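Chain residues, written in single-letter form:
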Amino acid sequence: MTFPTDPESRALETVLNRFADRVRRVGLRHGLAGKDVDDLVQEVRVRLWKALQNGEKIEAAPASYIYRTAASAALDLLRRRRARRETPVRVSRVTGEAILGEAPSPEALMDGAELAERIGEAVGSLPDSRRSVVRMYLAGYGREEIADLLGWTEAKTRNLLYRGLADLRERLTSMGIGPEVDS
Amino acid sequence: MRESYDRLLAIRGSGEADRTSCLTPEAMQELLQPEISEEERLRRVDHIMGCPYCLPEFELLRSVAKAKPPRPFPWATALAAALTLLLGAGLVWRLSSPRDESVLRGDGAPIAMETPAPDAKVVPPASFVWHPVANVLQYRIEVLTPSGDLVWQHAGTDTTATMPSDTPLQSGADYRWAIVAEFANGEHIRSTLQRFKVAAP
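About the thresholds
Residues numbered from 1 in each chain as written. Chains lettered and ligands numbered in written order. Predicted model: local features only at pLDDT ≥ 70, side-chain atom pairs only at ≥ 80, totals over all residues. Heavy atoms only, no water. Axes fitted to C-alpha atoms, helices over the stretch in contact; angles between N-to-C directions. Helix = DSSP H or I, 4+ residues; strand = E, 2+ residues; numbered from the N terminus. Parallel < 35°, antiparallel > 145°, perpendicular 65-115°, else oblique. Left-handed = near helix turned anticlockwise from the far one by under 90°. Contact = heavy atoms within 4.5 Å. Buried < 20%, exposed > 50% of the residue type's maximum accessible area, 1.4 Å probe, protein only. Pairing = 2+ DSSP bridges. Buried area = accessible area lost by both parts, 1.4 Å probe. Salt bridge = Lys/Arg side-chain N within 4 Å of Asp/Glu carboxyl O. Polar contact = N/O pair within 3.5 Å; in protein donor to acceptor, adjacent residues only side chain to side chain. Nonpolar A, V, L, I, M, F, W, Y, C, P; charged D, E, K, R; others polar.

When you look at the packing of helix 8 (residues 143-150) of chain A against helix 9 (residues 154-174) of chain A in this model, what are you seeing that I'm missing?
Two packed helices can be described by the angle between their axes and the distance between those axes. All names here are of chain A. The interhelical angle for the contact between helix 8 and helix 9, taken along N-to-C directions, is 110 degrees, at an axis separation of 9 Å. By the angle between their directions, the pair helix 8 and helix 9 is classed as roughly perpendicular. As helix 8 runs across helix 9, the sense of the crossing is right-handed. Of the residues in helix 9, those in contact with R143, I146 and A147 of helix 8 are E154, T157, R158, L161 and Y162.

And the structure:
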């Protein structure tokens, strides 16, 4: 087994591994694909390599510099993918499989597809403030994350989320879809 | 219900992508700042959370923003110094103990690269050898120029690869190579970047 011995590569890989671990930990819960993190890390690797020529500088670079570089690299990565018309991939939180970017089997589409569409319709009919919060909840976001992104207090988030879910249940019931226990 | 919503997004994403009403990456990134009005914030969130294409893009941007470590408190710096001392002592003990290859595999380098050795001088055409990774679908090798540009890449199932002899390499220049192991579920792991020098043919 061999490891890179030159200080530039070692310093760069140390910084990048630390960065990639943190991004993966945050993104894993919401279906961020491993390939996205890999592509981003490669983009950041090249930028840091060009900007910081020796290992000492790379190790001494403040975290804020690394994350500013990463934020700008992520934007560029998305722009390039859109220009190439690449379809983003999201990993299912339920099965752990990639659910976008490739067509599900016909059987999988048939099974529960109608229910999914009806839920989509019901969510779409909710009032604005409740609709967004319910969509976030259904997409897997927790109350704290919802409050953080919307700039709301925990109490306001809880209130609107519960009201929104109650509205959703009411609409689904009126569509003939029975109540369900949320997981 | 969340499972059904996942399915809904999968259905919406299975056809041809129509992104005419999608947010720009910049508009998504602005959501991570506090300056946007609540009305605008709700409008953007509503689109992203119902869009199979914007949602994974937003998650990438959000994960980068959220991964930034918080500023340490002063007491945390002192605690970190104490922990560093402890870790240093542990490291000295660990390095003085005998170790085997299986322990090294988990040490931040999931793919073992065999040849060329770090900083080795290579006479073109360069050949690369690495150790197999369990359950891999295929390997991708990347060779980067001194300025970080990709000069050659190759995908295959072998754990060896040889650069075509007409690949433009500068004698005496440094290059880096890396291996990406790709799995059937779409996940990847990447080796460290390793340097080699090109010798005169």
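Just to check I follow, could you spell out the pairing of strand 3 (residues 127-130) of chain B for this structure?
Consecutive side chains along a regular strand alternate between the two faces of the sheet. Residues and elements named next belong to chain B. The alternating pattern of strand 3 places F128 and W130 on a buried face and S127 and V129 on a face that is not buried. Of the strand pairs in this sheet, strand 1 (residues 113-115) and strand 3 are connected by two bridges, and their pairing is antiparallel. Residue pairing across strands places T115 opposite V129, the latter belonging to strand 3. Pairing of strand 3 with strand 6 (residues 160-162) involves three bridges; the strand directions are antiparallel. In the strand pairing of strand 6, V129 is matched with T160.

Teacher, can you tell me more about the interface of chain A and chain B here?
By convention, interface size is frequently given as the accessible area that disappears when the constituent parts associate. Taken together, the contacts link 81 residues of chain A with 79 residues of chain B. When the two sides are added together, the surface that chain A and chain B hide from each other amounts to roughly 7400 Å², 61% of it contributed by carbon and sulfur. Between A:R135 and B:D46 there is a salt bridge, and its shortest N-O distance comes to 2.8 Å. Linking chain A with chain B are 16 residue pairs in polar contact (both at pLDDT 80 or more), by the criterion used here. Contributing elements (two or more residues each) for the side of chain A that touches chain B: helix 1 (7-28), helix 2 (34-51), helix 4 (63-83), helix 5 (106-110), helix 6 (113-124), helix 7 (128-138), helix 8 and helix 9 of chain A. The residue inventory of the side of chain A that touches chain B, partitioned by class, reads 42 nonpolar, 17 polar and 22 charged.

Quick question: what am I supposed to make of the environment of B:M49 here?
Summarising the element assignment, B:M49 is placed in helix 3 (residues 38-50). Spatially, the C-alpha atoms of B:M49 and B:L9 are 9.2 Å apart, while their sequence positions differ by 40 residues. What B:M49 contacts, discounting residues up to four positions off in sequence, is A:R135, A:M136, A:A139, A:Y141, A:L149, B:Y5, B:L9, B:L55 and B:F58.

How should I be thinking about the packing of helix 7 of chain A against helix 8 of chain A in this particular structure?
All names here are of chain A. Contact pair helix 7 / helix 8: the axes reach a minimum separation of 10 Å and the direction vectors enclose 135 degrees. Judged by the inter-axis angle, helix 7 sits oblique to helix 8. For helix 7 against helix 8, the interelement crossing comes out right-handed. For the pair formed by helix 7 and helix 8, the contact residues are V133, M136 and Y137 on the first element and E145, I146, L149 and L150 on the second. Its residues placed into classes, the contact of helix 7 with helix 8 shows six nonpolar, no polar and one charged.

Any functional reading would require information that these geometric values do not contain.
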